[in-house]
Amino acid sequence: MTSSANVPLPGEGVGGTRATAVRAMFDRIAPRYDLLNRVMTLKVDQAWRRRLLRDLAPRDGETLLDLCAGTMDVAGLARRRTPGLRVVGADFSFQMLRRGVEKTGLPASQADAMALPFLPARFDLATVTFGMRNLERYQVGLAELARVLKPGGRLGILEFFRPESAGPRLVHGLYNRLALPVLGRVLSPDPEAYRYLVESMERFASRPEFEAAARRAGFGSVHGETLFPGVCGLVTAVRA
Ligand SMILES: C[S@@+](CC[C@H](N)C(=O)[O-])C[C@H]1O[C@@H](n2cnc3c(N)ncnc32)[C@H](O)[C@@H]1O
């Protein structure tokens, strides 16, 4: 099965073409990304990010990598919550990061999550919000996160995991098929991008599959929770 959008889904690109197309898509939608996020989630997205930070409980003096940081909402919230936290955002889309740096004033690194330009055991904390499902192989992203976190380092993931049971699958399907395409057409200069986002959600791992991959990548104390049935899940874990 191939994507109906022009942006290939994981496994469809050849020789890095997929990553290039995904990066170009995020560069295009960057100017409206925050607005779209707020409207599509009825502003609940920021509450999910705050919940993630409450669970990770960063402390002054610690270092946080916000990976697939986009416009750096998590980085900004983390810094406001914990002023002594050292925060860096990383993303491969220059335009997303540019908006994030303008918004937060925090440092950022244009980097590919599949090959991070950081030394091993560099960070105390890492967050990835709505980024993992975009990676060509999320398992490689998890291995990179395990490499750059210190032993005992905390990881927090928010993601639109593929629902496993019938009720949440129905909610997920209705939202994806009815609400998102309409919002995408009305609000986005690039409706193709929203078709890609819908399809990438439907193809991604379920939360239990993702949790198992995190354990294989070297994480312990893996804990998952549904924040909104059929839509959003939270996974936290500790680098063993
Ligand atoms: C849906 S946005 C999420 C942004 C932000 N974390 C948030 O919570 O709104 C996904 C982000 O992942 C980034 N991304 C996708 N694949 C990536 C990769 N291989 N390396 C780095 N960033 C990537 C995109 O550029 C985009 O900014």
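Before reading on, note that the structure itself is shown above.
Note that the structure is a prediction, hence the values are computed from the model and not measured.

Let us look at helix H2 (residues 33–40). Here H2 has its buried residues at Tyr33, Leu36, Asn37, Arg38 and Met40. Positive backbone phi, approximately 50°, marks Leu42, located one or two places after H2.

As a further point, take the site of the ligand. Near the ligand, the surroundings consist of 18 residues, among which Tyr33, Cys68, Asp91, Ala113 and Thr129 are the closest. Take Phe92: an N or O atom from its main chain is 3.2 Å from a nitrogen atom of the ligand. Across the complex, the protein chains shield 98% of the 600 Å² of accessible surface that the ligand would expose by itself. Class assignment for the residues of the shell around the ligand results in 10 nonpolar, 5 polar and 3 charged.

With that out of the way, let us pick up the sheet that holds strand S1 (residues 63–67). Strands sit in the order S3-S2-S1-S4-S5-S7-S6 across an open sheet of 7 strands; the sheet is mixed. Because the sheet does not close on itself, it has two edges, and the strands there are strand S3 (108–110) and strand S6 (219–228). For this sheet, the mean inter-axis angle between neighbouring strands, taken without regard to orientation, is 15°. The sheet contact formed by strand S4 (residues 123–129) and strand S5 (residues 149–159) spans 6 bridges and is parallel. When the bridges of S5 are listed, Thr127 appears paired with Gly156. Each of S4, S5, S6 and strand S7 (232–239) is contacted by helix H3 (residues 44–56), which is oriented at about 160° to S5, the strand it contacts most.

By the criterion of burial, S7 is predominantly enclosed, with 6 of the 8 residues buried. Sheet topology places S5 next to S7; 6 bridges connect them, and they run antiparallel. Each residue of the ladder has a partner; that of Arg154, found in S7, is Val238. Between S6 and S7, which pair antiparallel and follow one another directly, the connecting turn spans 3 residues, one of which, Gly230, has a positive phi of 80°.

Another point: helix H4 (residues 73–81). Turning to H4, its buried residues number three or more, namely Asp73, Val74, Ala75, Gly76, Leu77 and Ala78. Check the buried side of H4 and you find it contacts H2, H3, S1, strand S2 (86–91), helix H5 (94–104) and S4.

Procedures and definitions
- Residues numbered from 1 in each chain as written.
- Predicted model: local features only at pLDDT ≥ 70, side-chain atom pairs only at ≥ 80, totals over all residues.
- Heavy atoms only, no water.
- Buried < 20%, exposed > 50% of the residue type's maximum accessible area, 1.4 Å probe, protein only.
- Helix = DSSP H or I, 4+ residues; strand = E, 2+ residues; numbered from the N terminus.
- Near = heavy atom within 4 Å.
- Polar contact = N/O pair within 3.5 Å; in protein donor to acceptor, adjacent residues only side chain to side chain.
- Areas by Shrake-Rupley, 256 points an atom, 1.4 Å probe, with all protein chains shown as cover.
- Nonpolar A, V, L, I, M, F, W, Y, C, P; charged D, E, K, R; others polar.
- Pairing = 2+ DSSP bridges.
- Axes fitted to C-alpha atoms, helices over the stretch in contact; angles between N-to-C directions.
- Contact = heavy atoms within 4.5 Å.

The values are spatial; any link to function lies outside them.
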